[in-house]
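Close look at the chain arrangement
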Amino acid sequence: MNANVETSTTPMSPCTQPLPEQVTFEALAHWMAQGNNPIVEIQSIDMGYYLVRLHHAHGSSQLVDDEHHPRRFTGTQWISRLLAPLGLTHGLLTWPEITDEMIGLPAEPSDPDDVLAHGTRVAFQTR
């Protein structure tokens, strides 16, 4: 994973310990209190829901609830209200792969760096 993604003004910090593939908010807060700083990806999915993935030096992690189900948000403002108090200032809004089902062309999976490089920056500011 390239830590110098052009769309991020805050580079990832080196991690003393990796995050697991699924991470709760409490575990994320503890990990960040140790000086770690992920890149936040906000994935827009069907029906107006958003998921949060955290990219770090050891890979990426999905933000989950206490039952280890992906946390779904109904707007980016809810993500902002959750993550801004941790010191995170922005995220990158991305969209899932789209396959041309009309003519049956298979979609090639995108590289995570490509997805982040073409994401839209979303500021975590709540008023």
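This one's a predicted model, so the numbers in the text were calculated from it and none came from an experiment. (Residues numbered from 1 in each chain as written. Predicted model: local features only at pLDDT ≥ 70, side-chain atom pairs only at ≥ 80, totals over all residues. Heavy atoms only, no water.)

A word on the nonpolar core
We apply this condition: Nonpolar cores are built from buried Ala, Val, Leu, Ile, Met, Phe, Trp, Tyr and Cys residues. Side-chain atoms within 4.5 Å join them into one set. To sort residues, take the accessible area from a 1.4 Å probe on protein chains only and compare it with the maximum for the residue type: under 20% means buried, over 50% means exposed, and anything in between is partly exposed. Helix and strand assignments come from DSSP, with helices taken as H or I runs of at least 4 residues and strands as E runs of at least 2, each series counted from the N terminus. Residue contacts are counted whenever heavy atoms from the two residues lie within 4.5 Å of one another.
Counting 20 residues, the largest nonpolar core has Leu-28, Val-40, Ile-42, Val-52, Ile-79 and Leu-83 as the members making the most contacts within it. Sorting the residues of this core by element identifies α1 (25-33), β2 (39-45), β3 (49-56) and α2 (76-83) as the ones contributing at least two each. Looking at this core element by element, the count peaks at four residues for α1. In this view, Leu-83 contacts Phe-25, Leu-28, Val-40, Val-52, Leu-88 and Phe-124; residues no more than four positions away in its chain are not counted.

A word on the packing of aromatic side chains
This is how it is decided: A pair of aromatic rings is counted whenever rings of Phe, Tyr or Trp (Trp by its six-membered ring) have centres within 6.5 Å, and the orientation is called stacked for planes under 30 degrees apart, edge-to-face for over 60 and tilted otherwise. Cation placement over rings: the criterion is NZ of Lys or CZ of Arg within 6 Å of the ring centroid and within 35° of the ring normal.
Enumeration according to the criterion identifies zero aromatic pairs in this entry. Of note, Arg-72 hangs over the ring of Tyr-49, and the distance from its end group to the ring centre comes to 4.3 Å.

Things to note about the side chain of His-56
Cut-off, in case you're wondering: By the criterion applied in these results, polar contacts are pairs of N or O atoms within 3.5 Å in which, for protein atoms, one can donate a hydrogen and the other can accept it, and in which residues neighboring in sequence qualify only through two side-chain atoms.
As for its position among the elements, His-56 is in strand β3. Of the polar contacts made by the side chain of His-56, one reaches the side chain of Ser-61; its length is 2.9 Å.

Describing unusual backbone geometry
For His-68, which is not glycine, the phi dihedral falls at a positive 65 degrees. One can find His-68 in the loop between β4 (59-63) and α2. Here His-68 falls in the partly exposed class, since its relative accessible area comes to 42%.

Quick notes on the sheet that holds β4
What counts is decided by this rule: Being paired, for any two strands, means DSSP has found at least two bridges between them. Only the stretch in contact is used when a helix axis is fitted, and all axes are lines through C-alpha atoms; the angle between N-to-C directions ranges over 0 to 180 degrees.
Judged by pairing direction, the sheet is mixed, and its six strands sit side by side in the order β1-β4-β3-β2-β5-β6 without closing on themselves. Lying at the two open borders of the sheet, with one neighbouring strand each, are β1 (22-23) and β6 (120-123). Relative to β3, β2 runs antiparallel, the two being bridged by seven bridges. For Ile-42, the partnering residue across the bridge sits in β3 and is Val-52. The strands touched by α2 are β2, β3, β4 and β6; relative to β3, the strand with the most contacts, the crossing angle is about 40 degrees.

Quick notes on the pairing of β3
The buried count for β3 comes to seven of eight residues, which makes it a mostly enclosed element. Hairpin connection, β2 to β3: the antiparallel pair is bridged by three residues, and Met-47 has positive phi, about 65 degrees. Two strands pair when backbone bridges link them, and β3 and β4 are joined in this way by four bridges, in the antiparallel orientation. Residue pairing in the sheet places His-55 in a bridge with Ser-60 of β4. Hairpin connection, β3 to β4: the antiparallel pair is bridged by two residues.

A short note on the confidence of the model for the chain
To keep it simple, the criterion reads: One confidence number per residue, pLDDT, is output by the predictor and ranges from 0 to 100.
Confidence along the chain averages 81 in pLDDT terms, with 74% of residues attaining 70 or more. Least confident of the elements in the chain is helix α3 (residues 112-117), whose mean pLDDT is 77; most confident is β1, at 96. In this model residues 1-10 is a low-confidence stretch, pLDDT under 50, and it forms 25 contacts with partners more than four residues away in sequence or in other chains.

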